[in-house]
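# Remarks on the overall topology
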Amino acid sequence: MKISSISSVDMITGEYDLILRGYAKNQDDLYYILSKIQSIEGIDHLFTNIVIKSLGNKTVIPE
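Here we summarise the structure given alongside this text.

Thresholds applied
Residues numbered from 1 in each chain as written. Predicted model: local features only at pLDDT ≥ 70, side-chain atom pairs only at ≥ 80, totals over all residues. Heavy atoms only, no water. Patch = residues over 30% accessible without salt bridge, like charges linked within 9 Å, V, L, I, M, F, W, Y side chains within 5 Å. Areas by Shrake-Rupley, 256 points an atom, 1.4 Å probe, with all protein chains shown as cover. Salt bridge = Lys/Arg side-chain N within 4 Å of Asp/Glu carboxyl O. Helix = DSSP H or I, 4+ residues; strand = E, 2+ residues; numbered from the N terminus. Buried < 20%, exposed > 50% of the residue type's maximum accessible area, 1.4 Å probe, protein only. Pairing = 2+ DSSP bridges. Expected span 1.5 Å × (residues − 1). Arc of directions from axis to C-beta. Contact = heavy atoms within 4.5 Å. Polar contact = N/O pair within 3.5 Å; in protein donor to acceptor, adjacent residues only side chain to side chain.

The next point concerns a nonpolar patch on the surface. A cluster of nonpolar side chains, contributed by Met1, Val9, Met11, Leu18 and Leu20, occupies part of the molecular surface with about 530 Å² of accessible area. Elements supplying a minimum of two residues to the nonpolar patch: β1 (6-11) and β2 (18-22). With a relative accessible area of 64%, Met1 lands in the exposed category.

Structure (structure tokens):
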């Protein structure tokens, strides 16, 4: 969360441990952000996906 371009970090179950959501201005900015993440101790592997279109977002509060 100390990287300003990262907006959320979530611990998950399954093959990977974390999902980070962030924003990059362009490919060079993305490369810079990924380099900063890769340099964090304990990070062994990155798997990067790019959102090409958001279909919506809402907050759900369990009843």
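This is not the end of the story, as more comes after the structure.
Turning our eyes to something else, we now look at the pairing of β2. Relative to β2, β1 runs antiparallel, the two sharing 5 bridges. Across the sheet, residue Ile6 finds its bridge partner in β2, namely Gly22. Between the antiparallel neighbours β1 and β2 lie 6 residues, among them Gly14 with a positive phi of about 110°.

Over its 12 residues, helix α1 (residues 27-38) runs 16 Å from end to end, which matches the ideal 16 Å to within 8%, given 1.5 Å per residue. Here α1 has its buried residues at Asp29, Ile33 and Ile37. Summarising the axial view, the buried residues of α1 lie within an arc of 75°, below the 170-degree limit, and thus occupy one face. Away from the buried face of α1 by more than 90 degrees, exposed residues Gln27, Asp28 and Tyr31 are located. Among the structural elements, β1 and β2 are those in contact with the buried residues of α1. Measuring from the side-chain oxygen of the N-cap residue of α1 to the backbone nitrogen of Asp28 gives 3.1 Å; that N-cap residue is Asn26.

Its place among the elements puts His45 in the segment after α1. Each C-alpha atom, one on His45 and one on Tyr16, is 9.4 Å from the other, the two residues being 29 residues apart in sequence.

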